[in-house]
Amino acid sequence: MMNDDVVLLVDDEKSILNSIERLFDETGLRILKAANADEAMEFVRKENISVLVSDNLMPGMKGIDLLSKVRVISPDIVRILMTAYADLTTAVDAINKGEVFRFIVKPWDDDDLIETIKEGIKRYQIVRTLKRADEATLLSLARTIELKDKYTRGHCDRVAGYALLMADELNLPEETKRDIRYGSWLHDCGKIGIPESILNKNGPLDEEEFEVIKKHPLWGADVARQAQLSEVIINIILHHHERYDGKGYPFGIKGTDIPIEARIVAVADCFDAITTDRSYRKAASGGKGLEIILSMKERNFAPEIVELFISGLKSISCSKDTQCIKDNLNEHGDN
């Protein structure tokens, strides 16, 4: 965490504020404390706050109302709600509406609280970086996100390469190709909010863990919107896990309702995932990967996009960037 990040804690109980502050004594973070919503708003107006953590049930304005107000006047601040079991439904609803980033249930677990605030700071830094980013910075950011999962190193570069093969086949405008490249780099940026214990689990995810994974397109798209990135980039981040048959996530849209740029990146993303090692399985060969992609046509992927992918692979020469995928195509054959 950067030493210039500021965390604002809001609670009407002084002992709670002091307890949380002590958890961050060794981090170098600057911690501000407010006893109510009015004090918190004064800090928001005067300070550059990275993360705001507020209790919900306080005298006067509730925490959820405070965070909604902060979202309007300073949307980059990452908002975390502390809640009791009694108002857990309110917290979940607030997350679904984009009012808050996470919620913490009282009594909290110290490690969970620290990790949640750290993730909030990372999200804040990503949004701020994206807002001022040039191409080199975007790629550097994507590669930094990849470090959360040791098995995806280089994934964003390869996905961009495969996606641009299809964009070239469609003769898309250069501006659209640029956004497809950026969207490919950033398609998994929402994973910044997923615990590494889930990302790097050595084995299949259980149902609860998979539900967490399924949130990453929504979280990533929200970051991209805050950073005012293009609609094409947002579409890629939001929809790259939708399926042609409507059984994907997060919305279950199907067919041509899925934006074409997301249909393109979905194929590129899947092919690279199949042909690289993951924590739960070894990589398939390029030929086997193509065979799997073809078997998923009309179920997971748009048929015309799969054909574009095959056509694009046939058109390239073996190079460092393409990792000899033309050889992989030859291994698969002309089927």
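For the structure itself, consult the block above.
Here is a short report on the structure shown in this document. Source: prediction; values computed, not measured. (Residues numbered from 1 in each chain as written. Predicted model: local features only at pLDDT ≥ 70, side-chain atom pairs only at ≥ 80, totals over all residues. Heavy atoms only, no water.)

1. As for the overall build of the protein chain
Thought 1: Looking only at helices and strands, the protein chain has 16 helices and five strands in total.
Thought 2: Within the span of the protein chain, comprising 335 residues, buried residues form 53% of the whole.
Thought 3: The long-range fraction of contacts in the protein chain, counting pairs at least 24 apart against all pairs at least 6 apart in sequence, stands at 61%.
Thought 4: Summed over its atoms, the accessible surface of the protein chain is roughly 15900 Å², and 48% of this surface lies on carbon and sulfur atoms. (Helix = DSSP H or I, 4+ residues; strand = E, 2+ residues; numbered from the N terminus. Buried < 20%, exposed > 50% of the residue type's maximum accessible area, 1.4 Å probe, protein only. Contact = heavy atoms within 4.5 Å. Areas by Shrake-Rupley, 256 points an atom, 1.4 Å probe, with all protein chains shown as cover.)

2. Structural notes on empty space enclosed by the protein
Thought 1: Overall, the coordinates contain three cavities of 30 Å³ or more when judged by the stated rule.
Thought 2: Computed from the structure, the second largest cavity encloses a volume of approximately 80 Å³.
Thought 3: What lines the second largest cavity is a set of 13 residues, among which Arg263, Ala266, Asn300, Phe301 and Ala302 lie closest to the centre.
Thought 4: Among the elements that take part in the lining of the second largest cavity, helix α13 (residues 260–274) stands out by supplying four residues, more than any other.
Thought 5: Here the residues of the lining of the second largest cavity sort into seven nonpolar, three polar and three charged. (1 Å grid on protein atoms, 1.4 Å probe; cavity = no way out; pocket = protein on both sides within 12 Å on 5 of 7 lines; lining within 4 Å. Points joined across faces, edges and corners; volume = space filled by probe spheres on them. Nonpolar A, V, L, I, M, F, W, Y, C, P; charged D, E, K, R; others polar.)

3. A look at the packing of aromatic side chains
Thought 1: In total, this model carries five aromatic pairs according to the counting rule given.
Thought 2: On the numbers, 5.9 Å between centres and 85° between planes, the contact of tyrosine 162 with phenylalanine 309 is edge-to-face. One end of the pair, tyrosine 162, is in helix α7 (residues 155–169); the other, phenylalanine 309, is in helix α15 (residues 303–314), and 147 residues separate them in sequence.
Thought 3: Here a set of aromatic residues connected by ring pairs shows up, and it is made of Tyr162, Phe271 and Phe309.
Thought 4: The ring of phenylalanine 101 carries arginine 102 above its face, with NZ or CZ at 4.0 Å from the centroid.
Thought 5: The ring of tryptophan 219 carries the charged tip of arginine 102 above its face, separated from the ring centre by 3.9 Å. (Phe/Tyr/Trp six-rings, centres within 6.5 Å; stacked < 30°, edge-to-face > 60°. Lys NZ or Arg CZ within 6 Å of the ring centre and 35° of its normal.)

4. With respect to the nonpolar core
Thought 1: By size, the foremost hydrophobic cluster in this structure holds 30 residues, and its most contacted members are Met166, Ile180, Val267, Ile293, Phe301 and Phe309.
Thought 2: For this core, the secondary-structure elements that each account for two or more residues are α7, α12 (231–239), α13, α14 (286–295) and α15.
Thought 3: Among the elements that take part in this core, α13 stands out by supplying eight residues, more than any other.
Thought 4: If sequence neighbours within four positions are ignored, phenylalanine 309 has contacts with Tyr162, Met166, Val267, Phe271 and Leu290. (Core = buried A, V, L, I, M, F, W, Y, C linked by side-chain atoms within 4.5 Å.)

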